[in-house]
Amino acid sequence: MRLLICKNYTELSLKAAQIVAGQVTMNPQSVLGLATGSTPVGMYSELVKMYEQGRVDFSEIRTFNLDEYYPISADNPQSYHYFMEENLFSKINIKKENTHILDGKCTDTAKECDKFEKLIAANGGIDLQILGIGQNGHIGFNEPAENLNLLTHLTSLTQSTVKANSRFFSDVSKVPTLALTMGIGTILKARKIIILANGESKKEAVKSLLTDSISTGLPASILKVHSDVTLICDNEACPNF
Ligand code: F6R
(Lines give C-alpha, C1' and ligand atoms only; values in the text may rest on other atoms or scores of the structure.)
Protein backbone atom coordinates (compact mmCIF):
# COMPACT_ATOMS: atom_id res chain seq x y z
CA MET A 1 0.00 0.00 0.00
CA ARG A 2 1.38 3.37 -1.03
CA LEU A 3 0.96 6.26 1.42
CA LEU A 4 0.53 9.81 0.24
CA ILE A 5 0.45 12.41 3.03
CA CYS A 6 -1.05 15.79 2.19
CA LYS A 7 -0.70 18.93 4.25
CA ASN A 8 -4.44 19.50 4.40
CA TYR A 9 -7.85 18.55 3.01
CA THR A 10 -7.50 20.93 0.03
CA GLU A 11 -4.33 19.23 -1.10
CA LEU A 12 -5.82 15.77 -0.51
CA SER A 13 -8.85 16.65 -2.63
CA LEU A 14 -6.68 18.01 -5.44
CA LYS A 15 -4.35 14.98 -5.45
CA ALA A 16 -7.28 12.55 -5.51
CA ALA A 17 -8.95 14.51 -8.33
CA GLN A 18 -5.69 14.48 -10.31
CA ILE A 19 -5.51 10.69 -10.01
CA VAL A 20 -9.13 10.33 -11.19
CA ALA A 21 -8.62 12.82 -14.03
CA GLY A 22 -5.43 10.99 -15.04
CA GLN A 23 -7.32 7.71 -15.18
CA VAL A 24 -10.07 9.24 -17.33
CA THR A 25 -7.51 10.89 -19.62
CA MET A 26 -5.60 7.61 -20.08
CA ASN A 27 -8.83 5.72 -20.73
CA PRO A 28 -11.86 7.91 -21.52
CA GLN A 29 -14.13 4.87 -21.14
CA SER A 30 -12.89 4.09 -17.64
CA VAL A 31 -15.15 2.38 -15.15
CA LEU A 32 -14.97 4.28 -11.86
CA GLY A 33 -16.11 3.03 -8.47
CA LEU A 34 -17.39 6.02 -6.49
CA ALA A 35 -17.80 6.80 -2.81
CA THR A 36 -20.04 9.26 -0.99
CA GLY A 37 -19.83 10.79 2.51
CA SER A 38 -17.99 13.95 3.48
CA THR A 39 -14.47 12.83 2.49
CA PRO A 40 -14.76 12.90 -1.33
CA VAL A 41 -16.78 16.15 -1.52
CA GLY A 42 -13.63 18.25 -2.12
CA MET A 43 -12.36 15.80 -4.74
CA TYR A 44 -15.67 15.98 -6.62
CA SER A 45 -15.57 19.76 -6.55
CA GLU A 46 -12.01 19.72 -8.00
CA LEU A 47 -13.20 17.35 -10.75
CA VAL A 48 -16.06 19.72 -11.56
CA LYS A 49 -13.55 22.60 -11.82
CA MET A 50 -11.35 20.54 -14.15
CA TYR A 51 -14.37 19.74 -16.31
CA GLU A 52 -15.42 23.42 -16.44
CA GLN A 53 -11.89 24.35 -17.52
CA GLY A 54 -12.13 21.80 -20.34
CA ARG A 55 -9.40 19.62 -18.86
CA VAL A 56 -11.40 16.38 -18.48
CA ASP A 57 -14.14 14.81 -20.53
CA PHE A 58 -16.50 12.49 -18.65
CA SER A 59 -18.79 11.73 -21.59
CA GLU A 60 -17.68 8.12 -21.96
CA ILE A 61 -16.97 7.09 -18.37
CA ARG A 62 -19.11 4.59 -16.52
CA THR A 63 -19.60 4.67 -12.76
CA PHE A 64 -20.69 2.31 -10.00
CA ASN A 65 -21.33 3.60 -6.51
CA LEU A 66 -20.18 1.65 -3.51
CA ASP A 67 -23.37 1.74 -1.55
CA GLU A 68 -26.81 3.16 -0.80
CA TYR A 69 -28.94 3.24 2.33
CA TYR A 70 -31.92 0.88 2.48
CA PRO A 71 -34.74 1.61 2.25
CA ILE A 72 -34.49 5.10 0.80
CA SER A 73 -35.78 6.75 -2.35
CA ALA A 74 -33.48 8.41 -4.86
CA ASP A 75 -35.12 11.83 -4.34
CA ASN A 76 -34.49 11.79 -0.58
CA PRO A 77 -31.75 14.43 0.07
CA GLN A 78 -30.03 11.95 2.38
CA SER A 79 -29.76 9.27 -0.30
CA TYR A 80 -26.49 8.62 -2.08
CA HIS A 81 -28.34 9.03 -5.40
CA TYR A 82 -29.10 12.60 -4.37
CA PHE A 83 -25.53 13.14 -3.11
CA MET A 84 -24.01 12.06 -6.44
CA GLU A 85 -26.40 14.23 -8.43
CA GLU A 86 -25.65 17.26 -6.22
CA ASN A 87 -21.89 16.85 -5.98
CA LEU A 88 -20.94 15.51 -9.39
CA PHE A 89 -23.35 14.11 -11.95
CA SER A 90 -25.42 17.25 -12.56
CA LYS A 91 -22.23 19.31 -12.95
CA ILE A 92 -20.28 17.29 -15.52
CA ASN A 93 -21.01 15.76 -18.92
CA ILE A 94 -21.53 12.20 -17.70
CA LYS A 95 -24.34 10.26 -19.36
CA LYS A 96 -27.06 9.40 -16.87
CA GLU A 97 -27.38 5.88 -18.31
CA ASN A 98 -23.70 5.28 -17.56
CA THR A 99 -24.14 5.87 -13.81
CA HIS A 100 -25.11 2.98 -11.56
CA ILE A 101 -26.22 3.22 -7.95
CA LEU A 102 -27.93 0.43 -6.02
CA ASP A 103 -31.67 1.01 -5.80
CA GLY A 104 -32.57 1.83 -2.20
CA LYS A 105 -36.22 1.24 -3.03
CA CYS A 106 -35.94 -2.21 -4.59
CA THR A 107 -38.18 -4.90 -3.17
CA ASP A 108 -35.92 -7.85 -3.89
CA THR A 109 -32.51 -6.88 -2.47
CA ALA A 110 -30.80 -10.16 -3.41
CA LYS A 111 -31.88 -9.69 -7.02
CA GLU A 112 -30.75 -6.04 -7.03
CA CYS A 113 -27.32 -6.99 -5.64
CA ASP A 114 -26.90 -9.82 -8.13
CA LYS A 115 -27.88 -7.50 -11.00
CA PHE A 116 -25.30 -4.94 -9.80
CA GLU A 117 -22.49 -7.53 -9.71
CA LYS A 118 -23.37 -8.72 -13.20
CA LEU A 119 -23.48 -5.16 -14.52
CA ILE A 120 -20.00 -4.41 -13.16
CA ALA A 121 -18.69 -7.56 -14.83
CA ALA A 122 -20.50 -6.75 -18.10
CA ASN A 123 -18.75 -3.37 -18.09
CA GLY A 124 -15.36 -5.06 -17.81
CA GLY A 125 -14.82 -4.51 -14.06
CA ILE A 126 -13.82 -1.39 -12.14
CA ASP A 127 -10.63 0.37 -13.29
CA LEU A 128 -10.32 2.78 -10.37
CA GLN A 129 -12.16 2.46 -7.07
CA ILE A 130 -12.38 5.46 -4.74
CA LEU A 131 -12.92 4.69 -1.06
CA GLY A 132 -13.36 6.56 2.18
CA ILE A 133 -12.81 4.87 5.52
CA GLY A 134 -15.18 4.68 8.48
CA GLN A 135 -13.95 5.55 11.96
CA ASN A 136 -14.32 1.83 12.70
CA GLY A 137 -12.33 0.86 9.60
CA HIS A 138 -15.27 0.02 7.36
CA ILE A 139 -15.04 0.38 3.58
CA GLY A 140 -18.26 0.73 1.64
CA PHE A 141 -20.64 -0.48 4.32
CA ASN A 142 -18.58 -3.57 5.08
CA GLU A 143 -18.61 -3.23 8.83
CA PRO A 144 -16.18 -4.98 11.20
CA ALA A 145 -17.44 -8.54 11.75
CA GLU A 146 -16.28 -12.09 12.18
CA ASN A 147 -17.02 -12.82 8.53
CA LEU A 148 -17.09 -10.39 5.64
CA ASN A 149 -19.28 -10.74 2.55
CA LEU A 150 -17.47 -10.98 -0.74
CA LEU A 151 -20.27 -9.84 -3.00
CA THR A 152 -22.74 -6.94 -3.07
CA HIS A 153 -25.27 -7.49 -0.29
CA LEU A 154 -27.76 -6.03 2.17
CA THR A 155 -26.14 -5.24 5.51
CA SER A 156 -26.86 -3.71 8.91
CA LEU A 157 -24.95 -0.63 9.99
CA THR A 158 -23.19 -0.73 13.34
CA GLN A 159 -24.28 1.68 16.07
CA SER A 160 -21.02 3.61 15.67
CA THR A 161 -21.63 4.13 11.94
CA VAL A 162 -25.24 5.18 12.55
CA LYS A 163 -23.92 7.68 15.11
CA ALA A 164 -21.13 8.94 12.80
CA ASN A 165 -23.57 9.41 9.92
CA SER A 166 -26.23 11.09 12.06
CA ARG A 167 -24.51 14.42 11.30
CA PHE A 168 -26.22 14.32 7.89
CA PHE A 169 -29.70 13.74 9.41
CA SER A 170 -31.98 15.84 11.61
CA ASP A 171 -31.92 13.16 14.29
CA VAL A 172 -30.01 9.92 14.93
CA SER A 173 -33.31 8.02 14.87
CA LYS A 174 -33.71 9.05 11.21
CA VAL A 175 -30.48 7.34 10.07
CA PRO A 176 -31.29 4.14 8.16
CA THR A 177 -29.87 1.07 9.88
CA LEU A 178 -29.57 -0.97 6.70
CA ALA A 179 -27.67 -0.46 3.46
CA LEU A 180 -26.85 -2.16 0.19
CA THR A 181 -23.11 -2.30 -0.37
CA MET A 182 -20.46 -3.72 -2.66
CA GLY A 183 -18.74 -6.61 -0.89
CA ILE A 184 -15.06 -6.88 -0.03
CA GLY A 185 -14.50 -9.09 -3.06
CA THR A 186 -16.26 -6.61 -5.34
CA ILE A 187 -13.92 -3.87 -4.08
CA LEU A 188 -10.78 -6.02 -4.30
CA LYS A 189 -11.50 -6.85 -7.93
CA ALA A 190 -10.94 -3.19 -8.88
CA ARG A 191 -7.67 -2.80 -10.79
CA LYS A 192 -6.58 0.26 -8.83
CA ILE A 193 -7.84 1.62 -5.51
CA ILE A 194 -7.41 4.94 -3.75
CA ILE A 195 -8.57 5.31 -0.16
CA LEU A 196 -8.98 8.80 1.30
CA ALA A 197 -8.89 9.79 4.95
CA ASN A 198 -8.96 13.25 6.44
CA GLY A 199 -9.34 14.75 9.88
CA GLU A 200 -8.53 13.74 13.43
CA SER A 201 -11.54 11.38 13.65
CA LYS A 202 -9.88 9.03 11.14
CA LYS A 203 -6.48 8.93 12.83
CA GLU A 204 -7.12 5.75 14.84
CA ALA A 205 -8.52 3.88 11.82
CA VAL A 206 -5.56 4.97 9.67
CA LYS A 207 -3.11 3.95 12.39
CA SER A 208 -4.68 0.48 12.66
CA LEU A 209 -4.70 0.17 8.89
CA LEU A 210 -1.01 0.95 8.68
CA THR A 211 0.21 -0.99 11.69
CA ASP A 212 -2.16 -3.88 12.51
CA SER A 213 -2.29 -7.17 10.70
CA ILE A 214 -5.10 -8.05 8.32
CA SER A 215 -8.35 -8.85 10.12
CA THR A 216 -12.07 -8.82 9.46
CA GLY A 217 -12.33 -6.59 12.54
CA LEU A 218 -10.81 -3.83 10.40
CA PRO A 219 -12.29 -4.35 6.93
CA ALA A 220 -9.96 -1.78 5.31
CA SER A 221 -6.97 -3.93 6.31
CA ILE A 222 -7.99 -6.47 3.64
CA LEU A 223 -6.84 -3.91 1.07
CA LYS A 224 -3.27 -4.91 1.97
CA VAL A 225 -3.63 -8.01 -0.21
CA HIS A 226 -4.28 -5.81 -3.28
CA SER A 227 -1.29 -4.85 -5.40
CA ASP A 228 -2.32 -1.30 -6.31
CA VAL A 229 -3.74 0.67 -3.38
CA THR A 230 -2.85 4.25 -2.48
CA LEU A 231 -3.88 5.66 0.88
CA ILE A 232 -4.14 9.44 0.67
CA CYS A 233 -4.47 11.16 4.01
CA ASP A 234 -4.08 14.64 5.35
CA ASN A 235 -1.81 15.57 8.26
CA GLU A 236 -4.62 15.34 10.80
CA ALA A 237 -5.52 11.77 9.87
CA CYS A 238 -1.94 10.61 9.67
CA PRO A 239 -0.61 9.06 12.89
CA ASN A 240 2.77 10.17 14.24
CA PHE A 241 5.08 7.21 14.20
C1 F6R B 1 -19.62 6.00 1.44
C2 F6R B 1 -18.95 4.85 2.04
C3 F6R B 1 -18.42 4.90 3.43
C4 F6R B 1 -17.67 6.20 3.73
C5 F6R B 1 -17.18 6.21 5.17
C6 F6R B 1 -16.53 7.52 5.54
O7 F6R B 1 -20.02 5.70 0.13
O8 F6R B 1 -18.86 3.83 1.42
O9 F6R B 1 -17.57 3.81 3.65
O10 F6R B 1 -16.59 6.32 2.86
O11 F6R B 1 -18.24 5.98 6.04
O12 F6R B 1 -17.50 8.51 5.51
P13 F6R B 1 -17.11 10.06 5.61
O14 F6R B 1 -16.38 10.39 4.37
O15 F6R B 1 -18.44 10.78 5.66
O16 F6R B 1 -16.30 10.21 6.84
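Before going into details, it helps to say that this report is about the structure given with it.

**Observations concerning the sheet that holds strand β1 (residues 2-6)**
Taken together, seven strands build an open sheet; the order of strands is β1-β10-β9-β6-β2-β3-β5 and the sheet is parallel. Strands at the two margins of the open sheet, each flanked by one partner only, are β1 and β5 (99-100). With five bridges joining them, strand β9 (residues 192-197) and strand β10 (residues 229-234) adopt parallel strand pairing. Counterpart to Ile195 in the pairing with β10 is Leu231.

**Here's the deal with the site of the ligand**
Neighbouring residues of the ligand: 14 residues in total, closest Thr39, Asp67, His138, Gly140 and Lys202. Within the side chain of Asp67, one N or O atom sits 2.6 Å away from an oxygen atom of the ligand. The separation between an oxygen atom of the ligand and a polar main-chain atom of Gly140 is 2.7 Å. For the ligand, the accessible surface in isolation is 410 Å², of which the surrounding protein chains cover 95%. Taken together, the residues that form the shell around the ligand break down as three nonpolar, eight polar and three charged.

**Points about the packing of aromatic side chains**
Two aromatic rings are characterised by how far apart their centres lie and by the angle between their planes. Considering all chains together, one arrives at seven aromatic pairs under this definition. Ring geometry for Tyr80 against Phe141: centres 6.2 Å apart, planes inclined by 15°, an arrangement best described as stacked. Of this pair, Tyr80 sits in helix α3 (residues 80-87) while Phe141 sits in the loop between β6 (128-131) and β7 (153-156), and the two are 61 residues apart along the sequence. Each member of the pair, Tyr80 as well as Phe141, is classed as buried.

**Side note on the packing of helix α2 (residues 41-52) against α3**
It is the contact of α2 with α3, at a shortest axis distance of 10 Å, that shows an interaxial angle of 40°. Relative to α3, the element α2 is oriented oblique. Here Val41, Tyr44 and Val48 of α2 come into contact with α3, specifically with Phe83, Met84 and Asn87. Of the residues assigned to the contact of α2 with α3, the class counts are five nonpolar, one polar and no charged.

**A look at the side chain of Thr155**
Along the polypeptide, Thr155 turns up in strand β7. By relative accessible area, which is 14% here, Thr155 ends up buried. Not counting the four nearest positions on each side in its chain, Thr155 is found in contact with Phe141, Thr177, Leu178, Ala179 and Thr181.

**Let's talk about α3**
Where α3 is concerned, the buried positions are Tyr80, Phe83 and Met84. The arc enclosing the buried residues of α3, seen along the axis, measures out at 95°, which places them on a common side. Where α3 is buried, its residues meet β2 (31-34), α2, β3 (62-65), β4 (67-70) and α5 (159-165).

Rules behind the numbers
Residue positions are given per chain, counted from 1 along the sequence in the order it is written. For this predicted model, a pLDDT threshold of at least 70 governs which residues receive local features, and a threshold of 80 or more governs which side-chain atom pairs are given and counted, while totals over whole chains, interfaces and linings are taken from all residues. For the side-chain quantities, the full set of heavy atoms in the structure was used; hydrogens and water were omitted. Note: two strands are recorded as paired if DSSP finds a minimum of 2 bridges between them. Helix and strand definitions here come from DSSP, where helices need a minimum of 4 consecutive H or I residues and strands a minimum of 2 consecutive E residues; each element is numbered from the N-terminal end. Near is defined per residue: the residue qualifies when any heavy atom it owns lies within 4 Å of the molecule or strand. Any pair of nitrogen or oxygen atoms within 3.5 Å is treated as a polar contact; in protein, a donor-acceptor pairing is required on top of that, and neighbouring residues in sequence qualify only through side-chain atoms on both sides. Shrake-Rupley sampling with a 1.4 Å probe provides the accessible areas, and residues are treated as covered by the protein chains on show and by no other component. Any residue that is not Ala, Val, Leu, Ile, Met, Phe, Trp, Tyr, Cys, Pro, Asp, Glu, Lys or Arg is counted as polar, Gly included; the first ten are nonpolar and the last four charged. In summary, the pairing rule links any two rings of Phe, Tyr or Trp, Trp by its six-membered ring, whose centres are within 6.5 Å, and it sorts them by plane angle into stacked for under 30 degrees, edge-to-face for over 60 and tilted for everything else. Exposure categories follow from relative accessible area, calculated using a 1.4 Å probe and restricted to protein chains: below 20% of the type maximum is buried, above 50% is exposed, and the middle band is partly exposed. Helix axes use the C-alpha atoms of the stretch in contact, all axes being lines fitted to C-alpha atoms, and the angles between their N-to-C directions lie in the range 0 to 180 degrees. By the definition adopted for this analysis, an angle is roughly parallel if under 35 degrees, roughly antiparallel if over 145, roughly perpendicular if from 65 to 115, and oblique otherwise. Any two residues having at least one pair of non-hydrogen atoms within 4.5 Å are treated as being in contact. What the arc measures is the spread of directions leading from the helix axis to the C-beta atoms.

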